[in-house]
Amino acid sequence: MSRPHVADLPPPAVGAQAGDGKGGASLFRWLDSWVVDPRDEAADPHEVDWVRVVPFLAIHVAGVAALFTTWSPFVVLFAVGFYAVRMFAITAFYHRYFSHRTFQVSRPVQFLFALLGATAVQRGPLWWAAHHREHHRHSDAEGDIHSPVVESFWWSHVGWILARRNFRTKTELVPDLMRFPELRFLDRYDSLVPLLMIPGLYGLGAALEAWAPGLGTSGLHLVLWGCLSTVVLYHVTFCINSMAHRLGSRPYETKDRSRNNLILALLTFGEGWHNNHHRYPASARQGFLWWELDLSYATLRVMQGLGLVSGLRPVPARILDERRSA
Ligand SMILES: [Zn+2]
Ligand SMILES: [Zn+2]
């Protein structure tokens, strides 16, 4: 089947349609994230578009509010499960598949996990993969937008996400993903996912309140706990950019400051073996040794057994030998 070349694809909409006022442009881009504001590229690298990041801040407020509500075993289990499913989608798909192409999937499975990844509210798969590819290109050197070596710890953790300069999806870095119209749509209208998810959570909570009051939840309650799950998911994910370049061991002498960190590896289902990953990002596996627990890789192995993914790329023997002889 022939696929269109990137050059044939319509470019993202440009500029002034976004609105005349500064706030207008930001509001419009809550919905259509591919509208380019020419001021973004010219902005100071540390300038934050505060109007644009209001939804991100609001999720944090709602997540903290959840801590002041009642809790029940059900709602805690729900928040943990919601975290786990989305952490897997981020690590195995946004990172190992979309950013690094370390295995193959069918087009429906590709879309399904892109959609699941988008429920983590960390922008669309193209935005995520493009910024991550840029990180590997410059890791801990000039041009790395979230290095805790070049920038401050907090900038590498969360500041860079708020920056006006980093808002645009760098489509030129993901030509392989740009071939798929469904991925382009999901990336461009990424806010549709949380906009549909919030009423979905509300409806589920309200239904459970009516039919299973013993579970101790309600519409608003489940929305707030869903936000708490999302906030924890945010900051654990962000720790890979901040902490995993600062704290841990360095079995490989890479050109960056990446580290292996067991606690982060457990919380992120394997991403904490970040020094391994920077040494050989082409592998689907990040825990290189038998004891380096990598839950996302183990799950991908099960999915390969079920025929859902294929061609998981291994760690070459020379890379393992390099570590043994170090
Ligand atoms: Zn890194
Ligand atoms: Zn990576």
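Structure: see above.
Read on for an overview of the structure.

Parameters at a glance
Residues numbered from 1 in each chain as written. Chains lettered and ligands numbered in written order. Predicted model: local features only at pLDDT ≥ 70, side-chain atom pairs only at ≥ 80, totals over all residues. Helix = DSSP H or I, 4+ residues; strand = E, 2+ residues; numbered from the N terminus. Rg over C-alpha atoms; globule rule 2.2 N^0.38 Å. Buried ≥ 20, exposed ≤ 12 C-beta atoms within 10 Å, placed from the backbone. Axes fitted to C-alpha atoms, helices over the stretch in contact; angles between N-to-C directions. Parallel < 35°, antiparallel > 145°, perpendicular 65-115°, else oblique. Left-handed = near helix turned anticlockwise from the far one by under 90°. Contact = placed C-beta atoms within 7 Å. Nonpolar A, V, L, I, M, F, W, Y, C, P; charged D, E, K, R; others polar. Core = buried A, V, L, I, M, F, W, Y, C linked by C-beta atoms within 7 Å.

Quick notes on the overall build of the protein chain
Reasoning step 1: Scanning the protein chain for helices and strands turns up 15 helices and two strands.
Reasoning step 2: Computed over its C-alpha atoms, the radius of gyration of the protein chain comes to 20 Å, within 12% of the 20 Å expected for a compact globule of 326 residues.
Reasoning step 3: In terms of principal-axis extent, the alpha carbons of the protein chain reach across some 60 × 50 × 45 Å.
Reasoning step 4: A buried classification covers 40% of the 326 residues belonging to the protein chain.

Description of the packing of helix α4 (residues 73-99) against helix α11 (residues 219-242)
Reasoning step 1: Viewed as axis vectors pointing N to C, α4 and α11 meet at an angle of 40°, and their least axial separation amounts to 9 Å. Between α4 and α11, the angle is such that the two are oblique. By crossing handedness, the relation of α4 to α11 is classed as right-handed. Between α4 and α11, the residues in contact are V75, F78, A79, F82, Y83, R86, M87 and I90 and H221, L222, W225, G226, L228, S229, V232, L233 and T237, respectively.
Reasoning step 2: Counted by class, the contact of α4 with α11 contains 12 nonpolar, four polar and one charged residues.

Notes on the environment of N261
Reasoning step 1: Tracing the chain through its elements places N261 in the loop between α11 and α12 (262-267).
Reasoning step 2: Under the C-beta neighbour-count criterion, N261 is labelled buried, with 24 such atoms within 10 Å.
Reasoning step 3: Residues N261 and G216 lie 45 residues apart in sequence; the distance between their C-alpha atoms is 37 Å.
Reasoning step 4: Excluding residues within four positions of it along the chain, N261 makes contact with M243, A244, L247, G248, G272 and H274.

Some details on the packing of helix α3 (residues 54-66) against α11
Reasoning step 1: As a packed pair, α3 and α11 sit with axes 7 Å apart at the nearest point and diverge in direction by 115°. When the interaxial angle is binned, α3 and α11 end up roughly perpendicular. Helix-helix and strand crossings are classified by hand; for α3 and α11 the assignment is left-handed. Here I59, H60, A62, G63, A65 and A66 of α3 lie close against α11, whose contacting residues are L224, W225, C227, L228, T230 and V231.

Re helix α9 (residues 181-188)
Reasoning step 1: Residues of α9 that are buried: L183, R184, L186, D187 and R188.
Reasoning step 2: Looking at the packing, one finds that the buried side of α9 touches α5 (107-118), α6 (125-138) and α8 (175-178).

Examining the environment of L115
Reasoning step 1: By secondary structure assignment, the location of L115 is in helix α5.
Reasoning step 2: The partly exposed category is assigned to L115, around which 17 C-beta atoms lie within 10 Å.
Reasoning step 3: Along the backbone, L115 and K170 are 55 residues apart, and their C-alpha atoms lie at a distance of 19 Å.
Reasoning step 4: Non-local contacts of L115, meaning those with residues more than four positions away in its chain, are made with L186 and V193.

A few points about the nonpolar core
Where a protein is soluble and globular, its nonpolar side chains tend to be buried together.
Reasoning step 1: Judged by nonpolar contacts, the single largest core of 31 residues is most densely connected at A89, F93, Y94, F98, L126, A129 and L177.
Reasoning step 2: Among the secondary structure elements, those contributing two or more residues to this core are α4, α5, α6, α8, α9, α11 and α14 (295-305).
Reasoning step 3: If you look at the next biggest cluster of nonpolar residues, it comprises 12 residues, including L201, L222, L224 and L228.

Section: the environment of L112
Reasoning step 1: With respect to the helices and strands, the residue L112 is situated in helix α5.
Reasoning step 2: In this structure L112 comes out as partly exposed when scored by C-beta crowding, with 15 C-beta atoms within 10 Å.
Reasoning step 3: Measuring from C-alpha to C-alpha, the distance between L112 and A89 comes to 9.6 Å, with 23 residues separating the pair along the chain.

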